[in-house]
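Report on the structure
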Amino acid sequence: MAIYKHYVDNVSGGTANGGTGSASAHYSFSQAVAGISGGGYDISTDFIFVYVKDTGVTYSEEGIDTTVLSGYEVKFMGTNGSFVEDGSKPMIANSSDYFMNGTPSRFYWTNFKFNVNYSNGLLNFTTGTSNNFLNCDAEGNDVATYLTNTTNSSSNYGTHVNCAFRNFTDCIHNNGANRGAPNFVYCYFNNADPYKHGGGVFTHWLINCVFKDSHVQDTHYGHKAVVNCLFYGSNGSNPQLYIGDRTSSIDDHIIVNNIFVDAPAYAMGTESTRDTETIQFYNNFFHGSVSGNFDMNNNFDPDDYYGGVLPTSNPIFVDESAGTTSGFAPLTASPTSNIGVWGAAVGPLGKVFGTVDSGSLSLGTGDVGDTVDVSGRSFQKIDDDPIVWRRV
């Protein structure tokens, strides 16, 4: 295994440079793609890093054909003015075409800002492509449908960590019969739904994410795990979290330790009910759902989702009658088991300790040697400075 490096600098780089050294950087991404494809690398063992300098000038390329990188793994790294990775984020923007097209194997994007002004998105790849994002910010400007669009890619298992996505219809899209499975960890979505799949999906992990005015939806296979996420608001009347179905059953899901706030309609919904498999669903909290906490079609029965056991201690229910609409009404008063979320009590408050003692004990009065009785016990003042009483 070998590691090779290319450099991109859209201010000081040169169009004739080889790009394999920081002093001979490529001027553009398209030059870097051409340099990698002509570099004679072994696609089965070699790793390619492309260090992109944050020059303060936006990288505004479009229509870069990445088909020549089929089979390659390429890691694009945003760096500062010295090509050092320190959190600096170069800006990439497009307006009338995809930034990149083609069939690469796997791309990694670390420390970038994406300003997407083309309606179809930024990256458009076909079968066998996976994009992974780390420490990236993406803005769709209410124009872009997708950040990335992948066609028929069963290997689209991209993982996205510590990223922010704003104003996209769907951030990650897989349009085809094969299924991908993007995962999101420590990500923030604002008016940006994380993914959509025309042919269904296999497994998704949503861990420690925040969804503001966004909704999580897929059409078929559902989410494997939704853990420690915050949902507040939604776009339109969509549920904040939408669980899809499989052909014969809903996959085993883990939906744990999430908070759902101020859904304009329902907090959760599903396409249909399948009895074969179950959902592990606990420690989830709901507040302010306008229409209700759940909107489950096709005779949803909560018993199906707990393996036949509906826990009475789960604080999400007002009426815990299984299989009834009233069981999923929005909370009007949080029960005491609701762990203090949004002002709910942690058990009864205002308890006053009762007093059963008779007599009195004034620490500030009396002379040294005086004795008083409290509840059958005698106490004697033995000092004035500081005041000290002892039991006698």
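The following refers to the structure shown. (Residues numbered from 1 in each chain as written. Predicted model: local features only at pLDDT ≥ 70, side-chain atom pairs only at ≥ 80, totals over all residues. Heavy atoms only, no water.)

1. Quick word on the nonpolar core
Grouped together as the largest cluster of nonpolar side chains are 55 residues, with contacts concentrated most on Phe29, Met100, Trp109, Phe114 and Phe165. Those residues within four positions of phenylalanine 165 in sequence are excluded, and the remaining contacts are Ala138, Leu147, His160, Cys171, Phe184, Cys187, Tyr188, Phe189, Asn190 and Ala192. Listed in part, the six residues of the second largest apolar core include Tyr7, Ala25, Tyr51 and Phe83. (Core = buried A, V, L, I, M, F, W, Y, C linked by side-chain atoms within 4.5 Å. Buried < 20%, exposed > 50% of the residue type's maximum accessible area, 1.4 Å probe, protein only. Contact = heavy atoms within 4.5 Å.)

2. Some points on the state of the cysteines
Scanning the model with the defined rule gives zero disulfides in all. Not engaged in a disulfide, the cysteine cysteine 136 finds its nearest cysteine sulfur in cysteine 163; these two sulfurs lie 4.8 Å apart. Cysteine 209 supplies the cysteine sulfur nearest to cysteine 229, a cysteine that is in no disulfide, at a spacing of 4.7 Å. (Disulfide = S-S within 2.5 Å.)

3. Points about the environment of asparagine 284
In this structure, asparagine 284 sits in the loop between strand 25 (279-282) and strand 26 (285-287). Of the residues examined, asparagine 284 reaches a relative accessible area of 0% and is grouped as buried. Taking the C-alpha atoms as reference points, asparagine 284 and asparagine 257, 27 residues apart in sequence, are found 5.0 Å from one another. (Helix = DSSP H or I, 4+ residues; strand = E, 2+ residues; numbered from the N terminus.)

4. Considering the sheet that holds strand 29 (residues 377-384)
Overall, antiparallel pairing links the three strands, which are arranged 28-29-30 in an open sheet. A strand with exactly one partner marks an edge of an open sheet, and here the two such strands are strand 28 (371-374) and strand 30 (387-391). Taking each pair of neighbouring strands and ignoring which way they run, the sheet shows an average axis angle of 35 degrees. As defined by bridge partners, strand 28 adjoins strand 29 across four bridges and the pair is classed as antiparallel. Across the sheet, the residue bridging to aspartate 373 is serine 378, located in strand 29. (Pairing = 2+ DSSP bridges. Axes fitted to C-alpha atoms, helices over the stretch in contact; angles between N-to-C directions.)

5. What to know about the pattern of salt bridges
Inspection of every chain in the model, using the stated rule, returns five salt bridges. With a shortest N-O distance of 3.2 Å, aspartate 137 and lysine 89 are connected by a salt bridge. Remark: lysine 89 occurs in the loop between strand 4 (73-79) and strand 5 (91-94) and aspartate 137 occurs in strand 11 (residues 137-139); sequence separation between them is 48 residues. Judged by relative accessible area, aspartate 137 falls into the partly exposed class, the value being 23%. Residue class for lysine 89 comes out partly exposed when judged on its relative accessible area of 22%. Through salt bridges with shared partners, one network takes in Glu73, Lys75 and Arg106. (Salt bridge = Lys/Arg side-chain N within 4 Å of Asp/Glu carboxyl O.)

6. Comments concerning the side chain of asparagine 183
You can see asparagine 183 is positioned in strand 15 (residues 183-185). One polar contact links the side chain of asparagine 183 to the main-chain amide nitrogen of tryptophan 205, over a distance of 3.0 Å. (Polar contact = N/O pair within 3.5 Å; in protein donor to acceptor, adjacent residues only side chain to side chain.)

7. What to know about the environment of glycine 14
Examined against the element boundaries, glycine 14 turns out to sit in the loop between strand 1 (3-8) and helix 1 (29-37). Here glycine 14 falls in the buried class, since its relative accessible area comes to 16%. Sequence separation between glycine 14 and serine 28 is 14 residues, and the spatial gap between their C-alpha atoms is 8.6 Å. Setting aside residues no more than four positions away along its own chain, glycine 14 makes contact with Ala25, His26, Tyr27 and Gln31.

8. Quick look at the pairing of strand 8 (residues 113-116)
Burial along strand 8 is one-sided: the residues Phe114 and Val116 are buried and none of Lys113 and Asn115 is. Relative to strand 8, strand 5 is paired through four bridges, and the arrangement is parallel. Within the sheet, the bridge partner assigned to methionine 91 lies in strand 8 and is lysine 113. The pairing of strand 8 with strand 11 spans three bridges and is parallel. Its bridge partner lying in strand 11, phenylalanine 114 is registered against alanine 138.

9. Quick notes on the environment of tyrosine 188
On the secondary structure map, tyrosine 188 appears in strand 16 (residues 188-197). Here tyrosine 188 falls in the partly exposed class, since its relative accessible area comes to 25%. In this structure, the C-alpha to C-alpha distance between tyrosine 188 and valine 161, residues 27 residues apart in sequence, is 9.7 Å. Apart from the residues within four sequence positions on either side, tyrosine 188 is in contact with Cys163, Ala164, Phe165, Arg166, Val210 and Lys212. Here the side chain of tyrosine 188 touches asparagine 190 through a polar contact of 3.1 Å, side chain to side chain.

In short, shape yes, function no, at least from these values alone.
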